[in-house]
Amino acid sequence: MISTLLVGFGFSATTFHLPFLNYLPQFSVDVVISSKPDAVKAVLPHAEVYSSLEEALKIHDVDLVVITTPNHLHGAQAQMALEHSCHVLVEKPFTLNSEEAEALVALAKAHNKQLCVYQNRRFDGDFLTIKLLIDDGRLGEIKRLESRFDRFRPVPRDRWRENEGPGSGIFWDLGPHLIDQALQLFGEPKAVSANILTLRENGQSDDTFEVTLHYSDKVIQLGSSAFQAGATLRYDLQGTKGSFRKFYLDPQENQLRAELSFDNESWAKTDEKEHGVLAMLAKNGELVEEVIETRKGEYLTFFNRLAHAIEDGKFSPADAVTVVPVIKVIELAIQASEQKKTLVFK
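None of the values given here were measured: they were computed from a predicted structure.

I'm lost on unusual backbone geometry in this one. Help?
With omega at -10°, the peptide bond leading from Lys 92 into Pro 93 counts as cis. Of note, Pro 93 is situated in the loop between β5 (87-91) and α5 (98-111). Backbone geometry at Ser 85 places phi at a positive 60°, although glycine is not the residue there. Within the element layout of this structure, Ser 85 appears in the loop between α4 (74-83) and β5.

Explain the pairing of strand β11 (residues 233-239) to me, please; I cannot follow it from the model alone.
Where a strand is regular, its side chains alternate between the two sheet faces. Summarising burial for β11: 5 of the 7 residues are buried, a large majority. Examined bridge by bridge, strand β7 (residues 142-148) and β11 share 5 bridges and lie antiparallel to one another. For Ile 142, the partnering residue across the bridge sits in β11 and is Gly 239. Pairing of β11 with strand β12 (residues 242-247), which is carried by 5 bridges, proceeds in the antiparallel orientation. Bridging from a neighbouring strand, Asp 236 pairs with Arg 245 of β12.

Explain the sheet that holds β11 here, please?
The pairing of strands in a sheet happens through backbone hydrogen bonds and is either parallel or antiparallel. The 9 strands lie next to each other as β14-β13-β12-β11-β7-β10-β9-β8-β15, forming an open sheet whose pairing is mixed. Both edges of this open sheet fall to β14 (287-292) and β15 (343-344), since each of them pairs with a single strand only. Against the sheet, helix α6 (residues 125-135) contacts β7, β11, β12 and β14, and its axis sits at roughly 5° relative to β11. The strands touched by helix α10 (residues 324-339) within the sheet are β8 (191-197), β9 (208-214) and β15, with β8 carrying the most contacts at an inclination of about 65°.

Even after reading the chapter, I still don't get the packing of aromatic side chains, so can you show me in this structure?
Where two aromatic rings form a pair, the distance of their centres and the angle of their planes describe that pair. By the definition in use, this model includes 14 aromatic pairs. Ring plane angle 65° and centroid distance 5.0 Å describe the contact between Phe 171 and Phe 209, whose orientation is recorded as edge-to-face. Taken as a pair, Phe 171 in helix α7 (residues 170-186) and Phe 209 in strand β9 lie far apart in primary sequence, 38 residues in all. Of the residues examined, Phe 209 reaches a relative accessible area of 1% and is grouped as buried. Here the aromatic residues Phe 20, Tyr 23, Phe 27, Tyr 118, Phe 123, Phe 262, Trp 267, Tyr 299, Phe 302 and Phe 303 are joined through ring pairs into a cluster of three or more.

Is there a simple way to explain the pattern of salt bridges in this structure?
When charged atoms on two side chains of opposite charge get close, those side chains can pair. Inspection of the entire model under this criterion finds 24 salt bridges. Here Glu 146 ties to Arg 148 by a salt bridge, and the two come within 3.9 Å at their closest N and O atoms. Across this residue pair, the class does not change: Glu 146 and Arg 148 are buried.

What is the right way to read the packing of α6 against α7 from this model?
Any two packed helices are characterised by how steeply their axes cross, that is the angle between the axes, and by the distance between the axes. Direction vectors running N to C along α6 and α7 enclose 20°, while the axes themselves pass 11 Å from each other. In terms of axis orientation, α6 runs roughly parallel to α7. Handedness of the crossing formed by α6 with α7: right-handed. Residues Phe 127, Ile 130, Lys 131 and Ile 134 of α6 lie in contact with α7, whose contacting residues are Gln 181, Gln 184, Leu 185 and Phe 186.

What is the right way to read the sheet that holds β5 from this model?
Strand order in this open sheet of 6 strands is β3-β2-β1-β4-β5-β6, and the pairing throughout is parallel. Edge positions in the open sheet fall to β3 (48-50) and β6 (115-118), since each of these has one partner strand only. Across this sheet, the average inter-strand angle for adjacent strands is 25°, counted without regard to direction. Across 4 bridges, strand β1 (residues 2-7) lies against strand β4 (residues 64-67) in parallel orientation. By the bridge assignment for β4, Leu 5 is matched with Val 65. Packing against the sheet, α4 makes contact with β1, β4, β5 and β6, and its axis sits at approximately 170° to β5.

What counts as what
Residues numbered from 1 in each chain as written. Predicted model: local features only at pLDDT ≥ 70, side-chain atom pairs only at ≥ 80, totals over all residues. Heavy atoms only, no water. Helix = DSSP H or I, 4+ residues; strand = E, 2+ residues; numbered from the N terminus. Buried < 20%, exposed > 50% of the residue type's maximum accessible area, 1.4 Å probe, protein only. Pairing = 2+ DSSP bridges. Contact = heavy atoms within 4.5 Å. Axes fitted to C-alpha atoms, helices over the stretch in contact; angles between N-to-C directions. Phe/Tyr/Trp six-rings, centres within 6.5 Å; stacked < 30°, edge-to-face > 60°. Salt bridge = Lys/Arg side-chain N within 4 Å of Asp/Glu carboxyl O. Parallel < 35°, antiparallel > 145°, perpendicular 65-115°, else oblique. Left-handed = near helix turned anticlockwise from the far one by under 90°.

Structural data, given as structure tokens:
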């Protein structure tokens, strides 16, 4: 089994990581870093609880460190774990600057350890669906993609993600997902433009963004708003042979919040009312629409692949080296927004 140390025991840890670590037989959560030992013991009675990662790593010889702390702590904690010869799974964004990101990738390579970033949205069912549509060529040459992650949260909440501070704000929260998906599909852009805003009354950090990735033959628009109360557009994919539109978000997050069993037949499946629609011209010139069944989400696959990567060093679900460009795009987008310019990606 993969002896695992979990850093943090808040929403991210208990919702997005612990259910999988407990369900899959490859993992054993033996150590937890938390300021709430009673809460940990209620869920993991056998686990040792510490307040300090440094202290725990001196005492315990674990295989994997899973980092779910606030964003500004990720880089230093990942470095500490790697220096103790541990594999690392770190929440996105895995650093707040590309220089540190590249240094961590080099450190992982030097120690021959996995450094995996929790880019779980690579395993959203709707993302897997549009990837398949692109790969099989049904839409022809892709010319435009709009990818959004909107919510209705018009009032700021008092939590680190929304308060003032390094790594806070919706762009550092959701930007890594949307940018990573775009780069997975189309590679690095030629240039980036952005508008990152704080629109909520008394907001301490950004809550709305629009980012454009410029390519030589296509344009990708990414965005998030805190003021969308209706059906949320997730993808609008347009090509030379047709287009595909998908509303609503992947169900896996809400199912995890609801503690739905992975053995439930509805796990990771999109409701048929929420499938996307492919629109194409028939040979007679008439518009033809076809409902495209959304592929099943694969967050479980993420953790299975992580286990295999730790065991044999291959097929990481999100190797940090593939995420370094995401951090670079984020940096450039922030600069582009501040300067109100389109900036070349280098």
